[in-house]
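# Fold and geometry: a report
Below are the chains, spelled out letter by letter.
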Amino acid sequence: MCSLEGKVCLVTGASRGIGRGIALQLTTYGATCYITGRNIENLKLVEKEVKTRYVSGKCIPVECDHSSDESVKQLFERISAEQNGQLDLLVNNAYSAVKYLMDNHDKSFWDQSFDSWDTVNNVGLRNHYQCAVHASRMMIKRRKGLIVNISSVGGKLYFQIPPYGIGKAAKDRMAKDCAVDLAKYNVAFISLWPGPVRTEIIGESLDDKSLTEDRGRALNWLFSRAESPEYPGKCIAYLMSDKDIMKRTGQVILTTDIGLENDFKDVNGQDPLNCRSLKFMLGGMGMYTLSDYIPGWLRIPKGLYMMILSLAKARSPLKKKSDYA
Ligand SMILES: NC(=O)c1ccc[n+]([C@@H]2O[C@H](COP(=O)([O-])OP(=O)(O)OC[C@H]3O[C@@H](n4cnc5c(N)ncnc54)[C@H](O)[C@@H]3O)[C@@H](O)[C@H]2O)c1
């Protein structure tokens, strides 16, 4: 069991989804957690939820639009002033494109507005770099800290639309390269890949009656053994408590691998399906029946998994075969 008592954390984009789940877990482990979003009322609901759980940590809601450089600068100035320069964890999570991706997944990139790049990668990538710069300036002074980018398998594999994968690959590479500069200051930078996570928006999409049969089946399969939004938060709490975290800096880490290493379950008592499992990979390729017969514990070693992803043909589990040449 880890404890985050006395730790100061910042989770961006925490009014719903994975960011909210991470904040709920970090405070459960005792952290003081700054949470951001554009709507202070929604953030206050998260703060209220934390209070009703009677945990030792607390949330501090801060209205911040992560597409505004000035708003982001003020956020870090406030944390620095209130916490005497202490920031132990930054989670780069704010993301403004989930709905856009759901609505435009079936269009080729040239048929979408050029703005799609900014919709996906302004808050979802540029802002991550900007927050990393601000956080690093605080962390290197104290010679400790952890920065986590919330990324996904989309960093290696075609998923949704090209700007999505480009953004995720860049977030993975950001962790790898920034980790080099940060290493001598004992500050770690990691790219975390949750598996499918059943957030509020995903829940609504699964209920969408206009989904084609193929896409509905693919989505329902993907999210049938999904993580809860709090599971990535548990993983980050364990990463924070890892005394050897600098050995992992710069790496891509799968949430379910941290669960396996530390032998913990999701908040609903279940084990989410590991993306390295044969079961997951077959299902992801649309081989649902075969996947049903394979036990979930049969997993491919991580190195081989990454190699397979790099070599895999550009096929998204959410697109139809006829979408390709
Ligand atoms: N949901 C999944 O299955 C899944 C799986 C793997 C990785 N991810 C990644 O996790 C991250 C979060 O995804 P999610 O599913 O929780 O998304 P979400 O849309 O549910 O939540 C995104 C959060 O960012 C906030 N936000 C958006 N624009 C903002 C802005 N301009 N300023 C401040 N806050 C802003 C939203 O208010 C919300 O709190 C994304 O990078 C996503 O790709 C998601």
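Residues numbered from 1 in each chain as written. Predicted model: local features only at pLDDT ≥ 70, side-chain atom pairs only at ≥ 80, totals over all residues.

The name an unreviewed UniProt entry assigns to the protein chain is Dehydrogenase/reductase SDR family member 1, from the organism Clavelina lepadiformis. In its Sequence similarities (unreviewed entry) section, the UniProt record describing the protein chain reads: "Belongs to the short-chain dehydrogenases/reductases (SDR) family." (UniProt positions renumbered as here; feature names shortened; annotations may be inferred.)

Take helix α10 (residues 255-262) next. Along α10, the residues that are buried comprise Thr255, Thr256, Ile258 and Gly259. Down the axis of α10, the buried side of the element spans an arc of 155°, and every buried residue falls inside it. Buried-residue contacts for α10 involve β6 (187-193), α9 (231-240) and β7 (252-254). Aspartate 263 sits one or two residues past α10 and shows a positive phi near 55°. (Buried ≥ 20, exposed ≤ 12 C-beta atoms within 10 Å, placed from the backbone. Helix = DSSP H or I, 4+ residues; strand = E, 2+ residues; numbered from the N terminus. Arc of directions from axis to C-beta. Contact = placed C-beta atoms within 7 Å.)

Moving on: the packing of helix α5 (residues 116-142) against helix α6 (residues 162-182). The interhelical angle for the contact between α5 and α6, taken along N-to-C directions, is 10°, at an axis separation of 9 Å. The angle between α5 and α6 places the two elements in the roughly parallel class. Contact residues: α5 offers Ser116, Trp117, Val120, Asn121, Gly124, Leu125, His128, Tyr129, Ala132 and Ser136, while α6 offers Pro163, Tyr164, Gly167, Ala170, Lys171, Met174, Cys178 and Leu182. In terms of residue class, the contact of α5 with α6 is made up of 11 nonpolar, 6 polar and 1 charged. (Axes fitted to C-alpha atoms, helices over the stretch in contact; angles between N-to-C directions. Parallel < 35°, antiparallel > 145°, perpendicular 65-115°, else oblique. Nonpolar A, V, L, I, M, F, W, Y, C, P; charged D, E, K, R; others polar.)

In this section: the sheet that holds strand β5 (residues 145-150). Taken in spatial order, the 7 strands line up as β3-β2-β1-β4-β5-β6-β7 in an open sheet, and their pairing is parallel. Of all the strands in the sheet, just β3 (58-63) and β7 have a single pairing partner and so form its edges. For this sheet the average axis-to-axis angle between neighbouring strands, irrespective of direction, equals 25°. Two elements, strand β1 (residues 8-11) and strand β2 (residues 32-37), share 4 bridges in a ladder whose sense is parallel. Within the sheet, the bridge partner assigned to valine 11 lies in β2 and is isoleucine 35. Here helix α2 (residues 40-52) sits on the sheet and contacts β2 and β3; the angle it forms with β3, its principal contact strand, is near 180°. (Pairing = 2+ DSSP bridges.)

Once that is clear, we can look at the site of the ligand. In the neighbourhood of the ligand, 29 residues make up the surrounding shell, with Gly13, Gly17, Ile18, His66 and Ser96 lying closest. A total of 3 residues in the shell around the ligand trace back to one element, the largest contributor, which is helix α1 (residues 17-28). A class-by-class count of the residues in the shell around the ligand yields 13 nonpolar, 13 polar and 3 charged. (Near = placed C-beta within 6 Å.)

Another aspect to go through is the packing of α1 against α9. Following both chains from N to C, one finds α1 and α9 inclined at 45°, their axes separated by 7 Å at the closest point. When the interaxial angle is binned, α1 and α9 end up oblique. Handedness of the crossing formed by α1 with α9: right-handed. Contacts between α1 and α9 involve Ile18, Gly21, Ile22, Leu24, Gln25 and Leu26 from the first element and Pro232, Gly233, Lys234, Ile236 and Ala237 from the second. Per-class residue counts for the contact of α1 with α9 are 7 nonpolar, 3 polar and 1 charged. (Left-handed = near helix turned anticlockwise from the far one by under 90°.)

What follows deals with the pairing of β5. Here β5 lies mainly inside the structure; 6 of its 6 residues are buried. Burial along β5 is two-sided: Gly145, Ile147 and Asn149 and Leu146, Val148 and Ile150, pointing in opposite directions, are all buried. A crossover links β5 with its parallel partner β6, the connecting element being α6, and its sense is right-handed. (Right-handed = clockwise from strand over helix to strand, strands pointing away.)

This part takes up the nonpolar core. When a protein is soluble and globular, its nonpolar side chains tend to lie buried together. Residues Val11, Ala23 and Leu26 are the most contacted members of the largest nonpolar core, which totals 65 residues. In contact with leucine 26, other than residues within four places in its own chain, are Leu4, Cys9, Val11, Ala31, Cys33, Gly57, Gly233, Ile236 and Ala237. Counting residues in hydrophobic clusters, the runner-up holds 11 residues, among them Tyr95, Leu101, Phe159 and Tyr164. (Core = buried A, V, L, I, M, F, W, Y, C linked by C-beta atoms within 7 Å.)

Further remarks concern the confidence of the model for the protein chain. With 96% of its residues at a pLDDT of 70 or more, the protein chain has an overall mean of 93. Taken over the whole predicted complex, pTM reads 0.95, whereas the ipTM for its chain interfaces reads 0.99. (pLDDT = per-residue confidence, 0-100.)

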